[in-house]
Amino acid sequence: QVQLVESGGGLVQPGGSLRLSCAASGLGFSSYAMSWHRQAPGKERELVADISSAGRSRNYADSVKGRFTISRDNAQKTVYLQMNSLKPDDTAVYYCNAFRVAGGREADYWGQGTQVTVSS
């Protein structure tokens, strides 16, 4: 059974930092591209950042470039999102995603989400 378990969310003041973690089990982690998404109340889920299976390629939403960093540890089967200079607009539930296409079949898994609230 595939599980993605996010942790590290919480309440932080504007300008502060948080580090999210997503621990994976039940899948060949190193063969999956990983990504972080977020969904704020009343808004659609949006892609925040993604990282290729080997970690060589990373992409970021324009709204978080220069502030957020995605990384992964394939030995620990964990992907991270370091979030600095947080703003109230970063308030959302953050979700971890694992995705790959193998043998013509897609595999797509989601975590349960972790709440990030940026407020003074």
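Placed above this text is the structure.
Residues numbered from 1 in each chain as written. Predicted model: local features only at pLDDT ≥ 70, side-chain atom pairs only at ≥ 80, totals over all residues. Heavy atoms only, no water.

> Please give an account of the overall build of the chain that cites residues and values.
Per the secondary structure count, the chain includes 0 helices and 11 strands. Its helices and strands in sequence order give the chain the pattern β-β-β-β-β-β-β-β-β-β-β, from N to C terminus. Relative to its length of 120 residues, the chain is compact, with a C-alpha radius of gyration of 14 Å against a globular reference of 14 Å. With respect to the principal axes defined by its C-alpha atoms, the chain has extents near 50 × 25 × 25 Å. (Helix = DSSP H or I, 4+ residues; strand = E, 2+ residues; numbered from the N terminus. Rg over C-alpha atoms; globule rule 2.2 N^0.38 Å.)

> Pulling in residues and values, what's your account of the pairing of strand 5 (residues 46-51)?
Relative to strand 5, strand 4 (residues 33-39) is paired through 5 bridges, and the arrangement is antiparallel. Looking at strand 5, one finds that Trp36 is bridged to Ala49. In this structure, the hairpin formed by strand 4 and strand 5 is closed by a connection of 6 residues, where Gly42 is found at a positive phi of approximately 80°. Two strands pair when backbone bridges link them, and strand 5 and strand 6 (residues 58-60) are joined in this way by 3 bridges, in the antiparallel orientation. Residue pairing in the sheet places Ala49 in a bridge with Tyr60 of strand 6. Hairpin connection, strand 5 to strand 6: the antiparallel pair is bridged by 6 residues, and Gly55 has positive phi, about 85°. (Pairing = 2+ DSSP bridges.)

> Could you give me a rundown of unusual backbone geometry, with the residues and numbers involved?
Although it is not a glycine, Lys77 sits at a positive phi angle of roughly 55°. On the secondary structure map, Lys77 appears in the loop between strand 7 (68-73) and strand 8 (78-83). Accessibility expressed as a relative area gives 34% for Lys77, which makes it partly exposed. Positive phi outside glycine occurs at Ser85, with the angle close to 50°. Judged by relative accessible area, which is 40%, Ser85 ranks as partly exposed. (Buried < 20%, exposed > 50% of the residue type's maximum accessible area, 1.4 Å probe, protein only.)

> How would you sum up the side chain of Arg72? Please name residues and give values.
Inspection of the secondary structure assignment puts Arg72 in strand 7. Buried and unpaired, Arg72 has Asp73 as its nearest opposite-charge partner, separated by 8.3 Å. A distance of 2.9 Å separates the side chain of Arg72 from the backbone oxygen of Phe29, its partner in a polar contact. A distance of 3.3 Å separates a polar atom in the side chain of Arg72 from the backbone oxygen of Ser53. (Lys, Arg positive; Asp, Glu negative; His and termini not counted. Salt bridge = Lys/Arg side-chain N within 4 Å of Asp/Glu carboxyl O. Polar contact = N/O pair within 3.5 Å; in protein donor to acceptor, adjacent residues only side chain to side chain.)

Purely geometric numbers; function is a separate question.
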